[in-house]
Amino acid sequence: MLEHAWIIPALPIAAAALVGLLGRRINRFAGWITSAAIAGSLLLALRLMWDVLAHPGVKEITLPWLQTAGGLMIQMGMLIDPLSSVMLVIVTFVSLMVQVYSLGYMAEDEGIGRYFAFLSLFTFSMLGLVLSNNLIFLYMFWELVGLSSYLLIGFWYKKPEAANAAKKAFVVTRFGDMGFLIGILVVGYFLNTFNILALGDAVKAGKLAGGLATAVALLLFCGAMGKSGQFPLHIWLPDAMEGPTPVSALIHAATMVAAGVFMVARLFPLFAASETAMLTVSYIGGFTAIFAATIACVQDDIKRILAYSTLSQLGYMVMALGCGGYTAGMFHLTTHAAFKALLFLAAGSVIHAVHTNDIWKMGGLCRSMGITTAVMLIASLALAGVFPFAGFFSKDEVLVSTFLAGRMDLLFVGLLTALLTSFYIFRMFFVVFAGKPATDKHAHEASWVMTIPMLLLSILAAGLGAATAPFGHFLQASFGAPAMETEYHGRLIPALATLMAVLGFAWAYLVYLQKAVSASLLMRRFLPIYTLLKNKYYIDEMYQWAVQRIMFVVSRALAWFDRNIVDGAVNGVAWLCRLTGDGLSRLQQGRLQTYLIMFVAGVVIIIMVVLASNPTVLAWMK
Amino acid sequence: MSIPYLSIISATPLVAAIIIMLLPRERVTWPRWVALAGAAFSLILSITVVAAYKLAAGGYQFLETHSLLPSLGIQYALGADGMALAMVLLTGIIIFAGVLASWDVKERPQEFFALLLILVSGVFYVFAARDLFLFFLGYELAVLPMYLLIGIWGTGKREYAAMKLTLYLMLGSALMLVGILAMYFAGGAQSFHLDHLRHVQYSRGFQITFFPILFLGFGTLAGFWPFHTWSPDGHASAPTAVSMLHAGVLMKLGAFGIIRIGVEMLPIGAQVWVPYLALFTLVNIVYGSLVAMAQTDLKYVIAYSSVSHMGIVLLGICTLNPIALNGAVMQMFSHGIMTGLFFALVGMVYGRTHTRVIPDMGGLASRMPFLSMAFVVGGLVSLGLPGFSGFVAELLVFLGAFRVYPLLSAVAVTGILFTAIYVLRVVQKMFFGPDKPAFDHVGDANWVEKSCLAILMLVLLGVGIYPSWLVNLINSSIGPLTQMLEVVR
């Protein structure tokens, strides 16, 4: 199976090309074709993981791609190890769930063929990224992931907000990618290879150390910050909800945002080579975790709440990786993929039923939408980290990794974030599903194509925790995985984390269900903080200011300079030529007398010059 | 006697032009068919020579030599190596697509197609010439029809633009001529043949004096900052096919000249000067993309984007590093096709909306899905998206340049961000957003236009996914060139 692993990404891209080329004629079947292709990929990915489980280790398959004088050699290849095999399964599984769900959700959209083609392109890009064995190919698929998200976020291109959000997502992540690319250039220059395995060996041989190691790691991390929405490059993710909701599920769970975390895991030796870089990574992650969680507490849009929740959870993963918690970060990525995809699909089901995103216009939906309510509850419990749901185990590992790294401040941040997480998700849950319906319109449960993927995901969101220990052992065999971290068997951290989840739940319960404390009173009491959070710390405004007041001003100034100074000089030369021509043409008046005078004067001047410059004449004159 | 492929490729457009002029005047659709046949013939032969080129042997192949003016040492000498073949292929593709893009020229089609083909013939001769005199002759043959094409079939301030462009190109050619004659006389005034001149040992002082003259002469044509301002005005006024040829091929001719004559003949001069010139190419890249961001006329955006992308070509050349030089020639090819695609699209969109002002457009994606898709593809190539040729080219340039000028290259990488910003802004403003009633009746591309765009897009994709075939071709020239540079150093 290993040598046929290329079929896994090939199936979705073939389906995308087929659907794209045949166009609207096959609109009705488009989703079935692409779903079938991805189902095939999922089966193959499972088979591949089975093989890797049977023979753990690292395998590489390469083909020459590009070679030039000067010793440049780029190979296209696949790196198959536990890490990539796990990611293949996650990506294909979530993609398949999203595709099947979309069959129902997008059924009435006229651009449905285009939609499924883009969706499959997205899956292809992510699968390619996961399999890449070298930095160049990693970067290539990385950019294709960015393109796919651009196309899908802007899928409803007639909506100006969607078009804007798509552009924003691409440009902001590109900003990070610029650092990533420079990092790749630096690596190529100093280590003379792009192969990920070879890079790991080079690091082991001590070829990358000190300031260089820090610079490389941080430059590469810029790319991860963009894709995985780490502060301050997080601003695109909440806006990305302008795309169709199933797309959000895909972006937030298995593809786009997972790319950054995966990249850090994949290039782990490069990061581990620098203590400073690891420290920076973990603090950026920790800050993002709590920063985004605070914003999520006050949002009104159901998808925005989930978007900030994703940012916060990504912060957890990055924090864990920065603390050396390789398996913790990846495990949280896995469980998060399940419950966050579920949260978005359930939210989509709600939006599909009530045609609004505003949680205050929903309410009481538990009566009419039983399945959706149930799966949303499971996903919320998983996100909040309640035992025995999946999120409990992975969040626990994340917190333990900060503890083992000795970063008590990050452990504290992590616990506080857990409290906020539990609060904001149950706030959403209670407002949407409990209480009285906000409108008279009767909501209906979605059709089976939409509910079955949700049910399947909810099984994982509930039960993945059982896989904690095997998952860790399996990933240890990956390339780049650090040796097994010291085991932690204490009860304190899980107990604290559970306490936090319960506190958050209680807080939400008291305020939004029991109404023991008035939400509006709280809001008025803490108005400045509320306003700050509501406006997302004004980060978007700061970017807006920088773009409008700095970049575009410079751009316009340069444009003026080019037209008036550079080109002005050109026109000035032309003008000078014409002026000289005009002036000289005055001499040609056609009057014979003038010509004669000038001729005689000229002759006299020439004679005088000749005489004056003649040494004998000079001597005679003296 | 083998078949004189290069002569046939170069002379076919000229012959077609003569046939077109002999056609009866009332048959207005005949000229385009003759032009298409001529362009197709040249294209097929270009593909043939690329396929027939023996990579293992390398060097100049398909040689032809006939004496032209023995007393002055002028020969009709043709020959092509990998780099020249890449450019010949580029020219063949662009003229074929260019004829398709001009399918509906109503005004004096006979003269239009004849002049267009004469121009292309000149370009082919430049790329295939082994004799500097022939090289120069081909160049002049390419420049003069340009004046008429813009002056007669252009739009806007076309007379000003035609005059400005021609004078600028003449300035460039004057500098070139100075350099060429100096090399000729320093070589004993025996021959203009490049093989002869290559073996002349030019003194260090000579090289240091004449390299910058040649660089500026050719650089003007390649849009080297600050001698680039002919390009926005020229492109804005030129008819579609002329913009395509001009940005697609003629600008490459400048870069080609710098490598073939500047670097190859005067390597010491090049080594002395390139670190300073590289700074200017950085201005090209970053400044070009920032200025493009502020433009509202679509053609100006693309013209400034060309300035920025040609900066990457020139940066690649200024490294004298084999990887970056490969990238530079790749970028010449890639940018040639991409900008051809862009200008063809601008012409097609303008033909429907009758405006080139970006804020006036909007919501076009639902009206013209194919054109929008093609424009997005062009934009993605422009911003260096993997999977398309532009990425490979830029990657190679950056990889090579980073070994020579690390800091400068790191700054140059910011160009890819600015490019993304202006490209996506333009795409958004033109194609996305709600439908505008003004464009209720515009339609999508017809089959002629679709085939024109499809050819260009397929080339961009083909090179992007599997670049080896083109890189190996280019590398067969760049390898020996950089070895020579090592020896000289």
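All of the points below concern the structure found in this document.

**Points about the interface of chain B and chain A**
Now for step 1: Taken together, the contacts link 61 residues of chain B with 48 residues of chain A.
Now for step 2: Across the chain B to chain A interface the summed buried area is about 4,900 Å²; carbon plus sulfur atoms make up 73%.
Now for step 3: Our count for the contact surface shared by chain B and chain A stands at three salt bridges.
Now for step 4: When the shortest N-O distance is used, the salt bridge between Asp233(B) and Arg563(A) registers 3.1 Å.
Now for step 5: The element that contributes the greatest number of residues to the side of chain B that touches chain A is helix α17 (residues 406–431) of chain B, accounting for 13 residues.
Now for step 6: Among the residues forming the side of chain B that touches chain A, the class breakdown is 41 nonpolar, 15 polar and five charged.

**Section: the side chain of His193(B)**
Residues and elements named next belong to chain B.
Now for step 1: In this structure, His193 sits in the loop between α6 (158–186) and α7 (194–198).
Now for step 2: Separated by 3.0 Å, the side chain of His193 and the backbone nitrogen of Asp195 make a polar contact.
Now for step 3: Setting aside residues no more than four positions away along its own chain, His193 makes contact with Gln75, Ala77, Arg130 and Asp131.

**Considering the nonpolar core**
It is characteristic of soluble globular proteins that their nonpolar side chains tend to be buried jointly.
Now for step 1: Within the largest apolar cluster, 409 residues are counted, with the highest numbers of intra-cluster contacts made by Met87(A), Ile317(B), Phe333(B) and Leu453(B).
Now for step 2: In contact with Leu453(B), not counting residues within four places along its chain, are Leu341(B), Ala344(B), Leu345(B), Met348(B), Phe370(B), Leu371(B) and Ala374(B).
Now for step 3: Ranked by size, the runner-up nonpolar core spans 16 residues in total, among them Ala328(A), Val400(A), Leu411(A) and Ala418(A).

**Examining the side chain of Asp81(A)**
Residue and element names in this part refer to chain A.
Now for step 1: Here Asp81 lies in the loop between β2 (72–80) and α3 (82–105).
Now for step 2: The exposure class assigned to Asp81 is buried, which follows from its relative accessible area of 0%.
Now for step 3: A distance of 2.8 Å separates polar atoms of two side chains, one belonging to Asp81 and the other to Arg266.
Now for step 4: Those residues in contact with Asp81, other than ones at most four positions away along the chain, are Val52, Gly57, Val58, Arg266, Ser478 and Phe479.

**Description of the pairing of strand β1 (residues 61–69) of chain B**
Residue and element names in this part refer to chain B.
Now for step 1: Relative to strand β2 (residues 74–80), β1 runs antiparallel, the two sharing six bridges. When the sheet's bridge partners are listed, His66 is paired in β2 with Tyr76.
Now for step 2: From the end of β1 to the start of β2, which pair antiparallel, there are four residues, and Gly73 there has a positive phi angle of about 75 degrees.

Calculation rules
- Residues numbered from 1 in each chain as written.
- Chains lettered and ligands numbered in written order.
- Predicted model: local features only at pLDDT ≥ 70, side-chain atom pairs only at ≥ 80, totals over all residues.
- Heavy atoms only, no water.
- Contact = heavy atoms within 4.5 Å.
- Buried area = accessible area lost by both parts, 1.4 Å probe.
- Salt bridge = Lys/Arg side-chain N within 4 Å of Asp/Glu carboxyl O.
- Helix = DSSP H or I, 4+ residues; strand = E, 2+ residues; numbered from the N terminus.
- Nonpolar A, V, L, I, M, F, W, Y, C, P; charged D, E, K, R; others polar.
- Polar contact = N/O pair within 3.5 Å; in protein donor to acceptor, adjacent residues only side chain to side chain.
- Core = buried A, V, L, I, M, F, W, Y, C linked by side-chain atoms within 4.5 Å.
- Buried < 20%, exposed > 50% of the residue type's maximum accessible area, 1.4 Å probe, protein only.
- Pairing = 2+ DSSP bridges.

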